[in-house]
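# Reading the structure
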Amino acid sequence: MKAAVLHNVGDERLEVRDDITTTPVGAGKVRIRIKATGVCHSDLSAMNGTIPVAVPAVLGHEGAGEVIEVGPGVTSLAEGDHVVVCWSPQCGACHDCVNGQPQLCMAYMINAFSDAHFQLGGNPMFGMAGAGTFAEELILLEQGAVRIDKDVPYDVASLLGCGVMTGVGAAINAARVEPGSSVVVFGCGGVGVSVIQGARIAGAATIVAVDMVDRKLEWAKQFGATHAVKPEDLAGVKQELTGGAGFDFGFEVVGRSETIKAAYDATRRGGTTVVVGVGRAEDMVSFSAFDLFYNEKNLRGTYYGSDNIRRDFPRLLDLWRGGRLDLEGMITRRLGLDDVNDAFASMAAGEVVRQVITFD
Ligand code: PAD
Ligand code: ZN
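First, a word on scope: everything that follows refers to the structure included in this document. (Residues numbered from 1 in each chain as written. Chains lettered and ligands numbered in written order. Predicted model: local features only at pLDDT ≥ 70, side-chain atom pairs only at ≥ 80, totals over all residues. Heavy atoms only, no water.)

### Quick look at the overall build of the chain
Selection criterion: Put simply, DSSP H or I for four residues or longer makes a helix, DSSP E for two residues or longer makes a strand, and each gets a number counted from the N terminus. All radius of gyration figures rest on C-alpha atoms, and the globule criterion is 2.2 Å times the number of residues raised to 0.38. The contact criterion used is simple: two residues touch if any of their non-hydrogen atoms lie within 4.5 Å. Per-residue and other accessible areas were derived by the Shrake-Rupley procedure at a 1.4 Å probe size, with only the shown protein chains allowed to occlude residues.
Of regular secondary structure, the chain possesses eleven helices and 19 strands. Relative to its length of 360 residues, the chain is compact, with a C-alpha radius of gyration of 20 Å against a globular reference of 21 Å. Dimensions of the chain, computed from C-alpha atoms along their principal axes, come out at roughly 60 × 40 × 40 Å. Once local pairs closer than 6 in sequence are excluded, the contacts in the chain between residues at least 24 apart make up 69%. Carbon and sulfur atoms make up 50% of the accessible area of the chain, which totals about 14600 Å².

### Describing the site of ligand 1
Stated formally: Throughout, the term near means that a residue has one or more heavy atoms lying within 4 Å of the molecule or strand in question. Identification of polar contacts relies on pairs of N or O atoms within 3.5 Å, with a donor-acceptor requirement for protein atoms, meaning one able to donate a hydrogen and the other able to accept it, and with residues adjacent in sequence counted only if both atoms are side-chain atoms. For the purposes of this description, domain bounds are those given by an automatic or database domain assignment.
Taken together, 28 residues sit near ligand 1, with His-41, Asp-211, Lys-216, Tyr-304 and Arg-354 positioned nearest. At 2.9 Å, a backbone N or O of Val-191 approaches an oxygen atom of ligand 1. Within the side chain of Lys-216, an N or O atom sits 2.8 Å from an oxygen atom of ligand 1. If ligand 1 stood free it would expose 880 Å²; the protein chains cover 90% of that surface. Elements with a minimum of two residues in the shell around ligand 1: helix H1 (41–47), helix H4 (154–175) and helix H5 (190–202). Per-domain counts for the shell around ligand 1 show at least three residues from each of domain 1 (3–161 + 327–358) and domain 2 (164–304).

### A look at helix H7 (residues 234–242)
Basically, it comes down to this: The rule is simple: take the accessible area with a 1.4 Å probe, protein chains only, and divide by the maximum for that residue type; under 20% is buried, over 50% is exposed, in between is partly exposed. For this quantity, the arc is that covered by the directions from the helix axis to the C-beta atoms.
By the burial criterion, the buried members of H7 are Leu-234, Val-237, Lys-238 and Thr-242. Along H7, the residues classed as buried sweep out an arc of 105 degrees about the axis, all on the same side. Exposed residues lying more than 90 degrees from the buried face of H7 are Ala-235 and Glu-240. In this fold, the buried residues of H7 make contact with strand E12 (182–186), strand E13 (206–210), strand E14 (227–229), strand E15 (247–252) and helix H8 (257–266).

### Side note on the environment of Glu-178
Mapped onto the elements of the fold, Glu-178 is located in the loop between H4 and E12. Between the C-alpha atoms of Glu-178 and Ala-205, which are 27 residues apart in sequence, the distance is 9.1 Å.

### Here we look at helix H11 (residues 340–348)
Along H11, the positions that sit buried rather than exposed are Val-340, Asn-341, Ala-343, Phe-344, Ser-346 and Met-347. Summarising the contacts, the buried residues of H11 are in contact with strand E1 (3–6), strand E2 (15–17), strand E4 (29–39), H1, strand E18 (331–335) and strand E19 (354–358).

### Section: the sheet that holds strand E3 (residues 21–22)
Our working rule: In this analysis, strands are considered paired if DSSP registers two or more bridges between them.
Spatially, the six strands line up as an open sheet ordered E2-E1-E5-E9-E8-E3, and their pairing is mixed. Of all the strands in the sheet, just E2 and E3 have a single pairing partner and so form its edges. Pairing analysis gives two bridges linking E3 to strand E8 (residues 118–120), with the strands arranged antiparallel. The residue bridging Thr-22 from the neighbouring strand is Phe-118, located in E8.

### Re the state of the cysteines
Heads up, the rule is: Disulfides are defined in this document as cysteine sulfur pairs within 2.5 Å.
Scanning the model with the defined rule gives zero disulfides in all. Cysteine Cys-188 is unpaired, with the sulfur of Cys-40 as its nearest cysteine sulfur at 15 Å.

### So, the pairing of strand E7 (residues 82–85)
Alternating positions in E7 separate into two faces, His-82 and Val-84 on one and Val-83 and Val-85 on the other, with burial throughout. Pairing between strand E6 (residues 63–70) and E7: three bridges, direction antiparallel. Along E7, the bridge assignment pairs Ala-64 with Val-84. Across four bridges, E7 lies against strand E11 (residues 145–148) in antiparallel orientation. Pairing of Val-83 across the sheet is with Arg-147, part of E11.

### Structural notes on the coordination of the zinc ion (ligand 2)
As a reminder, the rule being used: Donor selection uses N, O and S atoms within 2.8 Å of the metal (3.2 Å for Na, K and Ca). Since no water is included, sites may look incomplete.
Distances from the zinc ion (ligand 2) to its protein donors, Cys-40 (SG), His-61 (NE2) and Cys-162 (SG), fall at 2.0 to 2.3 Å. Every donor residue of the zinc ion (ligand 2) comes from the same chain, spaced as C-x20-H-x100-C. Note that His-61 is positioned in the loop between strand E5 (57–58) and E6 and Cys-162 in helix H4, a separation of 101 residues in sequence. Overall, the relative accessible area of 2% leaves His-61 in the buried class. The class for Cys-162 is buried, based on a relative accessible area of 5%.

### Focus: the sheet that holds E13
Rule in force here: Between the N-to-C directions of two axes lies an angle of 0 to 180 degrees, each axis being a line fitted to C-alpha atoms and, for a helix, fitted only over the stretch in contact.
Spatial strand order, E14-E13-E12-E15-E16-E17: six strands in an open sheet with parallel pairing. Looking at which strands have only one partner, the edges of the open sheet turn out to be E14 and strand E17 (298–301). Taking the axes of each pair of neighbouring strands and ignoring which way they run, one obtains an average angle of 15 degrees across the sheet. Sheet analysis places strand E16 (residues 267–275) next to E17, joined by four bridges and oriented parallel. Within the sheet, the bridge partner assigned to Val-275 lies in E17 and is Gly-301.

### Some words on the packing of H4 against helix H10 (residues 309–321)
How we decide: Angle categories are assigned with fixed cut-offs, so that under 35 degrees is roughly parallel, over 145 is roughly antiparallel, 65 to 115 is roughly perpendicular, and the rest are oblique. Basically, the charged four are Asp, Glu, Lys and Arg, the nonpolar ten are Ala, Val, Leu, Ile, Met, Phe, Trp, Tyr, Cys and Pro, and anything else, Gly included, counts as polar.
For the pair H4 and H10, the least separation of the axes is 10 Å and the interaxial angle reads 95 degrees. When the axes of H4 and H10 are compared, the pair comes out roughly perpendicular. Facing H4, whose interface residues are Val-156, Leu-160, Gly-161, Val-164, Met-165, Val-168 and Asn-173, H10 presents Arg-311, Asp-312, Phe-313, Leu-316, Leu-317 and Trp-320. Class assignment of the residues belonging to the contact of H4 with H10 gives a composition of nine nonpolar, two polar and two charged.

All quantities given are derived from atomic positions and should not be read as evidence of function.
Okay, here's the thing in structure tokens:
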């Protein structure tokens, strides 16, 4: 079958090959025919070494498809089910799962680096984060596939698998944005506009989008930003909207120390700053010791939108059905797997919100 392979960390292109195979479907696993996969910045971050990945690897972690084979012992899924791929499955039994932070479940993390489901020339090959949705088929633990209703189009469903869950979850689960509050969002890609949508759904009164690309700012408004500015114009807008005090909630959705600091600085005393972007391990952020005490800001990260997938994927779809979460509008470009490298170029050039690769 066809799949897009990263041979070495640091490679600037994926190789699309048509001779990739998978292992047999093992116990507790399913085979999924991928129908659609979103292209997330984290795929690019796996290529450039920001996010660890065992190579060679099939990239892609935001997908949806149909279950075409079920391994022994699988109880929750059947052939023909439509599913969203989850890149961080939750076991439901560990300390984190039972204590209300299932997003932190590490039960299966090791599998992503030890249990290779793809094969290249007879040798094992990994899938990004245990997934690998830039492939016509993949093998997944049953905990990593969440069944959805069959009327949900696959392209729309694929977005739930990463960007939309992460962004909406950052606003609703991590920050707990309050009705009437003020919000600033740095970075308006697929994840950033999902934060904007989450803040709108939560009832924020003011949502300021920050990006340096004009078209991104227009899109941000389409998804609910009340104001959209270039980074250099934020100070004026902060002064005008908050009297200089800062915003109740600040979101960093880029993945760089500079924007983390900028989001923190734009947050009011006592407010909450959420780091959504994934930055490099060696990219250090520094804060004044006195500032941390004196300004009493809540600074936190969010992993996968602090999700509980079996609660949140259905909720996101309910919001979409109710016309409150725009998923179709986020897909600004559709392409085939052969054009995956072109998708990275468009993303880097700021020409798209989300691109979805579809398979026939
Ligand atoms: P994207 O590349 O589509 O969007 C990033 C946006 O940031 C673009 O619109 C850029 O123009 C903009 N940008 C870049 N620099 C700046 C700056 N200095 N100031 C303002 N805007 C800027 O990426 P994406 O939306 O797919 O992903 C965004 C981040 O979220 C990325 O770091 C990704 O790895 C991370 C992510 N985190 C999780 C998680 O679990 N926390 C999950 C998925 C993605
Ligand atoms: Zn992602």
